[in-house]
Amino acid sequence: MEIQIHESHDAEDVRQLSSLWNEVETRCHAAGIKVDKRVGQEDMRDALILHFQEGRNTRTVNLWGLKDTRLLLAFPFENYRFVSGYEAICSYSDGTIEALIRPNRVTGISLPSLMFRSLGIHDPGRRNYREDESQLKLEIEDTSLTKPSHLLIHEEGGQYSISIGPPTKELESLLMERYAKRFAISLKITGLNISTHDRTLEILEKLSNSLLFQIDLKLELPLTLSRSRRPSVANLRKTKQTIDIQFPQFEYDQAAMSLYQYGRSATGLPLLQFLAFYQTIEFYFPTYSMFEAQRKVRNIIKNPAFNPQSDTDIAQLLSAVASNSGRGFGDERTQLKATLQYCVNAEELRDFFDENEERKSFFTNKKDPLKSHKVPLNSAHDIDLRGDVADRIYDIRCKIVHTKNTDADNDFQLLLPFSPEAASLHFDIELIQFLSRQILIAASRSMRL
């Protein structure tokens, strides 16, 4: 392959690069990877463009010089492909998936160091960080499996594991300039037997959702997979602690988890954040409102006075399960209450209010800036708060989504962005985030792929 020589190029380097690019092309052609050459204009360098498989599409990797090319040739790059939608790669032959992860909230350039410290691993941006390999990664192995088919299909004797740490040379090479290398951190899954893109994507999303949700719960560190082609974490632990992150044993509904992560990433946008968490709960309305409808129907037909030949009794039966929303049973407020009743423990909800004096003071303050339903925290401790909490959450939801003042409730007012009322949503966002977490946990299932 002939490479265009510019004044800034050393002739020997050009000869070496030409030889290495020929080697890349040979390996690509053998593996069925399409290769193009881009001829530079004026001061622009030539580039070798590789088209890697990404699901049903392809993603390009550009080689510009000796460093990039040598890094690529140092491993069997032809065995890798990209995972659609994410900054992630996989190897069917090695049974591995590796994806960049990032914090859901960005508060400054010092954030990566805090993120590494919270996870108990060394910051890869520090000098000589590779000297202590034992401190580079958080290793999580699955030690609970008794049958190979319980979680994933793999060769007999294999072991699943997940590691979090600096990206491997393989990911670094294939992503090239898509991220700032110094601040990158990746999640790598090994011990898999994968052969299709859809299966790989399913495994990546299920395991990462479960693991990163666990880290969020235990460390207050909201992390998410880095989406492809996308250009301060609060409450980080300040004291040294034992990291007790386990191999994922539960899976969560992808749509609901996506909404929850959206809420976690919407810091500074209180209305958007509140609605994202509300939609996380709303995802389960059809499921749990059906349970409540079954209970109501069962009680009606068990009544000895119920007469299936009576139009009045049948009308009562239909009224018990009537839906105003088109999904689920009952109106939206009723469905919200049913979901909280089935998924949220009454004592844990009470503890949520009691554990923080400032939070409790806000909800007991008579001068509520939101003028929403009051939660009777000063009532007897055995009073179930779930119904009142549902009323308050629903009231705030209506104040956000309604575009005109047509609600029949008293003291109804709109919640507008950047208003003082919107700024006072902090504790209500904490509340609905707590509820969405509890519902995700209650609706989770044992991990089975």
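Residues numbered from 1 in each chain as written. Predicted model: local features only at pLDDT ≥ 70, side-chain atom pairs only at ≥ 80, totals over all residues. Heavy atoms only, no water.

(A) Seen up close, the environment of A47. Considering the arrangement of structural elements, one finds A47 in strand β2 (residues 47-54). With a relative accessible area of 0%, A47 lands in the buried category. When the C-alpha atoms of A47 and L63 are compared, they prove to be 5.5 Å apart, with 16 residues separating the residues in sequence. With residues near it in sequence (within four places) discarded, A47 still touches W21, D36, K37, R38, L63 and W64. (Helix = DSSP H or I, 4+ residues; strand = E, 2+ residues; numbered from the N terminus. Buried < 20%, exposed > 50% of the residue type's maximum accessible area, 1.4 Å probe, protein only. Contact = heavy atoms within 4.5 Å.)

(B) Focus on empty space enclosed by the protein. The space that makes up the largest cavity amounts to roughly 50 Å³. As for the largest cavity, its lining consists of N104, L212, F213, D216, P222, L223, M257, Y260, Q261 and R264. Listed by contribution, the elements that provide at least two residues to the lining of the largest cavity are α5 (197-219) and α6 (254-265). Tallying contributions element by element places α6 first for the lining of the largest cavity, with four residues. Its residues assigned to classes, the lining of the largest cavity shows six nonpolar, two polar and two charged. (1 Å grid on protein atoms, 1.4 Å probe; cavity = no way out; pocket = protein on both sides within 12 Å on 5 of 7 lines; lining within 4 Å. Points joined across faces, edges and corners; volume = space filled by probe spheres on them. Nonpolar A, V, L, I, M, F, W, Y, C, P; charged D, E, K, R; others polar.)

(C) How the structure looks around the pairing of strand β8 (residues 161-165). Counted residue by residue, β8 has five buried out of five residues, so it is predominantly covered. The alternating pattern of β8 places S161, S163 and G165 and I162 and I164 on opposite faces, both of which are buried. Sheet analysis places strand β7 (residues 138-141) next to β8, joined by four bridges and oriented antiparallel. Considered in β8, the bridge of I140 is made with I162. When β8 meets strand β9 (residues 186-190), the two strands line up antiparallel, connected through five bridges. Residue S163 lies in a different strand from β9, and its bridge partner there is K188. (Pairing = 2+ DSSP bridges.)

(D) Just the side chain of D368, in detail. For D368, the location among the structural elements is in the loop between α12 (357-364) and α13 (386-401). At 3.0 Å, the side chain of D368 and the backbone nitrogen of L370 are in polar contact. (Polar contact = N/O pair within 3.5 Å; in protein donor to acceptor, adjacent residues only side chain to side chain.)

(E) Examining the packing of aromatic side chains more closely. In this structure the tally under the stated criterion is 16 aromatic pairs. Plain terms: the ring middles of F352 and F353 are 5.4 Å apart, the flat faces sit at 75° to each other, and that makes the pair edge-to-face. Here F362 and F427 contribute two aromatic rings whose centre-to-centre distance is 5.3 Å and whose plane-to-plane angle is 35°, an arrangement assigned as tilted. Separated by 65 residues along the polypeptide, F362 in helix α12 and F427 in helix α15 (residues 426-443) bring together distant segments of the chain. For F427, a relative accessible area of 11% translates into the label buried. Put simply, the rings of F352, F353, F362, F363, F427 and F434 touch in pairs and so form one group of aromatic residues. One residue, R359, lies across the ring of F352, its end atom 3.9 Å from the ring centre. (Phe/Tyr/Trp six-rings, centres within 6.5 Å; stacked < 30°, edge-to-face > 60°. Lys NZ or Arg CZ within 6 Å of the ring centre and 35° of its normal.)

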